[in-house]
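Residues per chain are reported as follows:
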Amino acid sequence: MDLTRRQKWRIEKIQAERIARANRVADDNELTSESDNAQTGLVITRYGQRLLVEAQSGELYQCTGRRNIELSVAGDQVIFQTTDNNEGVVTALLPRDNFLTRSQKLIAANIDELWLVVAIEPHYQFELIDRYLVVAENAGLPINIVVNKIELSDDFDQVKHDFSLYESAGYSVHYLSVKAQTNVAEFKAQLKHKAHIFLGQSGVGKSSLINELIPDLNLRVNEISTKSKLGKHTTTNTTLYHIPSGGDLIDSPGIREFQLDNLTDKEILSGFKEFKPFIGECKFRNCAHINEPKCAIKNAVEDGVIHPKRYHSYLQLIGA
Ligand SMILES: Nc1nc2c(ncn2[C@@H]2O[C@H](COP(=O)(O)OP(=O)(O)OP(=O)(O)O)[C@@H](O)[C@H]2O)c(=O)[nH]1
Ligand SMILES: [Zn+2]
């Protein structure tokens, strides 16, 4: 659906008014009539045109959206009103801090951190890691790296050396073993008060890690399927779960193996965050940083400021 600018402006205006009204109601701290019980809620999951919204009381409401409101997704904050049959109507979408899309489809909103999970087995690959990092940088989302199954490594110093290039590029790297319970408690503590998404290829231990964080995940999934009357389909929907020790997890099978959408060469370039100081410093304004003379990026590689492995990934990703 394409909206004209005028329609968009109108919708934004209506939403702003509803938000202002809900805020006034909250300020007054007294709900005057049954029909004016607007409150803020958190979208737990979306299924078709319906939403499961969690009120601040923790209660779950099955909601429909008012026409003309942009469809929300897990992680969205909304204003909604409850109806007599204990369901709800979403009347406004609060502004998003950020969002994640896949093939131009919105899948989650208001994400604080992405965690790229890699492992000793299947062995991490730099190019794959870089693909995920490029996606995150382009979405403007902070991303960290988790190296799991460290108990399988017979040369941990080498592993740390391998990942030092990401640390110098500005990413935080966490080493853990779900199986041996190494650093798991420390990791849990890092997740408090924020909304997280775990990404990574199959077999690295994402499910194991998530079960560690939310031991009653299955109960939670059942509760959501009952409330949404969705049955088993819930397991494929992107859903927000509360982590008992603090923080939220936004998860779905599709989100986990999130891959690089087709990005332009320019997006790929800006996805390598340590390249940034050198962009625009090359001799030629249209420098592709491949064979050109006096290329600031290549010079930085030669000077040891940009790691050759990262530069190599860049060349691979742009297909040079
Ligand atoms: N040795 C070892 N094995 C682990 C560890 N963590 C998870 N595993 C095992 O690795 C295998 C894959 O783990 P999963 O949690 O299913 O991995 P996943 O990333 O969720 O994989 P998909 O569901 O395919 O996306 C399982 O057999 C786990 O028991 C670990 O720290 N060490
Ligand atoms: Zn250049």
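Residues numbered from 1 in each chain as written. Chains lettered and ligands numbered in written order. Predicted model: local features only at pLDDT ≥ 70, side-chain atom pairs only at ≥ 80, totals over all residues. Heavy atoms only, no water.

A few points about the coordination of the zinc ion (ligand 2)
Here the zinc ion (ligand 2) is held by Cys282 (SG), Cys287 (SG), His289 (ND1) and Cys295 (SG), and the distances to it run 2.0 to 2.4 Å. For the zinc ion (ligand 2), the four donor atoms are set out with angles of 101 to 114° between them, so the coordination reads as tetrahedral. Sequence spacing of the donor residues for the zinc ion (ligand 2), all on one chain, is C-x4-C-x1-H-x5-C. In this pair, the class of Cys282 matches that of Cys287, namely buried. (Donors = N, O, S within 2.8 Å, 3.2 Å for Na, K, Ca; no water. Tetrahedral: all angles 85-135°; square planar, octahedral: opposite > 155°, others 65-115°. Buried < 20%, exposed > 50% of the residue type's maximum accessible area, 1.4 Å probe, protein only.)

Notes on unusual backbone geometry
Note the cis peptide between Glu121 and Pro122, where omega equals -15°. When you line up the elements, Pro122 lands in the loop between β8 (113–119) and α2 (126–139). Residue Asn86 is not a glycine yet carries a positive backbone phi of 65°. Of note, Asn86 is situated in the loop between β4 (77–82) and β5 (88–93). (Helix = DSSP H or I, 4+ residues; strand = E, 2+ residues; numbered from the N terminus.)

A look at the packing of aromatic side chains
Throughout the structure, instances matching the rule amount to 13 aromatic pairs. Their ring planes at 20° and their centres at 6.2 Å tell us that Phe126 and Tyr166 sit as a pair that is stacked. With Phe126 in helix α2 and Tyr166 in helix α3 (residues 156–168), this residue pair connects regions lying 40 residues apart in the sequence. Note on Tyr166: relative accessible area 0%, which makes it buried. Here Phe275 and Tyr314 contribute two aromatic rings whose centre-to-centre distance is 5.8 Å and whose plane-to-plane angle is 75°, an arrangement assigned as edge-to-face. On the criterion of sequence distance, the pair formed by Phe275 in the loop between α8 (265–270) and α9 (296–302) and Tyr314 in helix α10 (residues 308–317) is long-range, its members being 39 residues apart. Tyr314 sits in the buried class, given a relative accessible area of 3%. Taken together, Tyr124, Phe126, Phe156, Phe163, Tyr166 and Tyr175 form an aromatic cluster joined through their ring pairs. Residue placement shows Lys273 over the ring face of Tyr171; its charged tip is 4.2 Å from the ring centre. (Phe/Tyr/Trp six-rings, centres within 6.5 Å; stacked < 30°, edge-to-face > 60°. Lys NZ or Arg CZ within 6 Å of the ring centre and 35° of its normal.)

Considering the UniProt feature "binding site: GTP" (unreviewed entry) in the protein
The positions that UniProt labels "binding site: GTP" (unreviewed entry) are, in the present scheme, Gly200, Gln201, Ser202, Gly203, Val204, Gly205, Lys206, Ser207 and Ser208. One can find Gln201 in the loop between β11 (195–199) and α5 (206–213). Given a relative accessible area of 24%, Gln201 falls into the partly exposed group. Setting aside anything within four residues of it in sequence, one finds Gln201 in contact with Val117, Pro122, Gln125, Leu128, Tyr132 and Lys206. Inspection of the secondary structure assignment puts Ser202 in the loop between β11 and α5. (UniProt positions renumbered as here; feature names shortened; annotations may be inferred. Contact = heavy atoms within 4.5 Å.)

Section: helix α6 (residues 217–228)
Between its first and last C-alpha, α6 extends 16 Å over twelve residues, near the 16 Å set by a 1.5 Å rise per residue. The elements touched by buried residues of α6 are β1 (39–47), β2 (50–55), β3 (60–65), α5 and β12 (239–242). Lys229 sits one or two positions beyond α6 and adopts a positive phi of about 55°. (Expected span 1.5 Å × (residues − 1).)

Describing the site of ligand 1
Within the structure, ligand 1 sits among 16 residues, and Glu151, Ser202, Gly203, Ser207 and Ser208 are positioned closest to it. Asn148 places a polar side-chain atom, nitrogen or oxygen, 3.2 Å from an oxygen atom of ligand 1. With three residues, the top contributor of residues to the shell around ligand 1 is α5. (Near = heavy atom within 4 Å. Polar contact = N/O pair within 3.5 Å; in protein donor to acceptor, adjacent residues only side chain to side chain.)

Some words on the pattern of salt bridges
Tallying each qualifying case throughout the model produces eight salt bridges. The residue Glu113 makes a salt bridge to Lys194 at a minimum N-O spacing of 3.0 Å. Note that Glu113 is positioned in strand β8 and Lys194 in the loop between α4 (184–190) and β11, a separation of 81 residues in sequence. Here the residues in one salt-bridge network are Glu54, Arg220 and Glu223, joined through shared partners. (Salt bridge = Lys/Arg side-chain N within 4 Å of Asp/Glu carboxyl O.)

Digging into the UniProt feature "binding site: Zn(2+)" (unreviewed entry) in the protein
Per the UniProt record, "binding site: Zn(2+)" (unreviewed entry) is annotated on Cys282, Cys287, His289 and Cys295. Following the sequence through the fold, Cys282 ends up in the loop between α8 and α9. If you trace the backbone, His289 turns up in the loop between α8 and α9. Leave out the neighbours within four places in its chain, and His289 touches Leu269, Cys282, Cys295, Ile297, Lys298, Tyr311, Tyr314 and Leu315.

Side note on the side chain of Glu137
Here Glu137 lies in helix α2. One buried charged side chain, Glu137, makes no salt bridge at all; its nearest oppositely charged neighbour is Lys273, positioned 4.0 Å away. Excluding its chain neighbours within four sequence positions, the residues that come into contact with Glu137 are Ile143, Tyr171, Ser270, Gly271, Lys273 and Lys276. (Lys, Arg positive; Asp, Glu negative; His and termini not counted.)

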